[in-house]
Amino acid sequence: MKTEKEKCHSGELYDANYDAELIQERQVCKERCHAYNQLAPSALKEREAIIRDLLGKTGKQFLIEQPFYCDYGYNIEIGENFYANVNCVMLDGARIIFGDNVFIAPNCGFYTAGHPLDVPRRNQGLEYAYPITVGNNVWIGAQVCVLPGVTIGDNSVIGAGSVVTKSIPANSVAVGNPCRVIRKLEE
């Protein structure tokens with residue numbers, strides 16, 4: 001029989017609300033995020049150490065501004081020259097992978113978690129988690145919301161306030177709610 005964590009990682013419905021293992025892992029992550037968010041902005045070495053310990057993989061050069069929040073941390077990978085501005089939220093029940101040279105404006109969220117539409121299963125606390133992938137050289141504007149299962153292709157720009165419900169191809173400018181491609185970028 002699969003554990004709730006195994007169900008989560010295989011894209012099945014799982015119990016995130018009442019499973020002791022997942023609750024404990026989120027608690028550890030919340031403590032680390034709290035410690036990170038309480039550090040002085042000038043404590044760059046300490047901030048870097050916490051992020052390297054928290055996330056699954058980091059590049060050599062990155063900066064995540066405070067405050068920053070995530071669920072588990074170990075499901076997040078950031079590439080080289082990564083920057084996330086203030087109030088970034090990553091609900092990482094599934095993997096969230098960022099390529100190199102990704103720049104994220106303030107108040108953005110990356111949400112791998114979703115819930116069933118039918119009331120009985122939703123009220124049981126069941127959810128699913130689908131991975132998010134962001135390619136290289138991507139710029140994400142302020143207050144963008146990226147939903148479960150989305151891939152954003154290399155060199156793309158996501159306009160401020162967008163709700164990204166479906167994957168965006170490489171070399172695109174995409175905006176809106178729901179987010180859609182408005183033009184292709186020249187190579």
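Rules used throughout
Residues numbered from 1 in each chain as written. Predicted model: local features only at pLDDT ≥ 70, side-chain atom pairs only at ≥ 80, totals over all residues. Heavy atoms only, no water. Pairing = 2+ DSSP bridges. Helix = DSSP H or I, 4+ residues; strand = E, 2+ residues; numbered from the N terminus. Expected span 1.5 Å × (residues − 1). Buried < 20%, exposed > 50% of the residue type's maximum accessible area, 1.4 Å probe, protein only. Arc of directions from axis to C-beta. Contact = heavy atoms within 4.5 Å.

Draft legend 1. Seen up close, the sheet that holds strand E11 (residues 126-129). Spatial ordering of the open sheet is given by E1-E11-E10, a layout of 3 strands whose pairing is antiparallel. Where the open sheet ends on each side, the last strands, each with one partner, are strand E1 (14-15) and strand E10 (113-114). Where E1 and E11 come together, 2 bridges link them in antiparallel fashion. Bridge pairing links Tyr-14 to Glu-127 in E11.

Draft legend 2. Up close: helix H2 (residues 20-38). With 19 residues, H2 extends 27 Å between its outermost C-alpha atoms, agreeing within 8% with the 27 Å of an ideal straight helix rising 1.5 Å per residue. Among all positions in H2, only Leu-22, Glu-25, Arg-26, Cys-29, Cys-33, Tyr-36 and Asn-37 are buried. With its buried residues spanning 105° around the axis, H2 presents them on a single face. Exposed side chains of H2 directed beyond 90 degrees from the buried face belong to Ala-20 and Gln-38. On its buried face, H2 is in contact with helix H1 (4-9), E1, helix H3 (44-54), strand E2 (62-64) and strand E3 (68-70).

Draft legend 3. Highlighting the pairing of E11. As paired elements, E10 and E11 share 2 bridges and run antiparallel to each other. If you follow Gly-114 over to E11, its bridge partner there is Tyr-128.

Draft legend 4. Structural view of H3. Those residues of H3 that fall on the buried side of the exposure criterion are Arg-47, Ile-51 and Leu-54. Summarising the axial view, the buried residues of H3 lie within an arc of 65°, below the 170-degree limit, and thus occupy one face. Contacts from the buried residues of H3 go to H2, E2 and E3.

What is shown is where atoms sit, not what they do.
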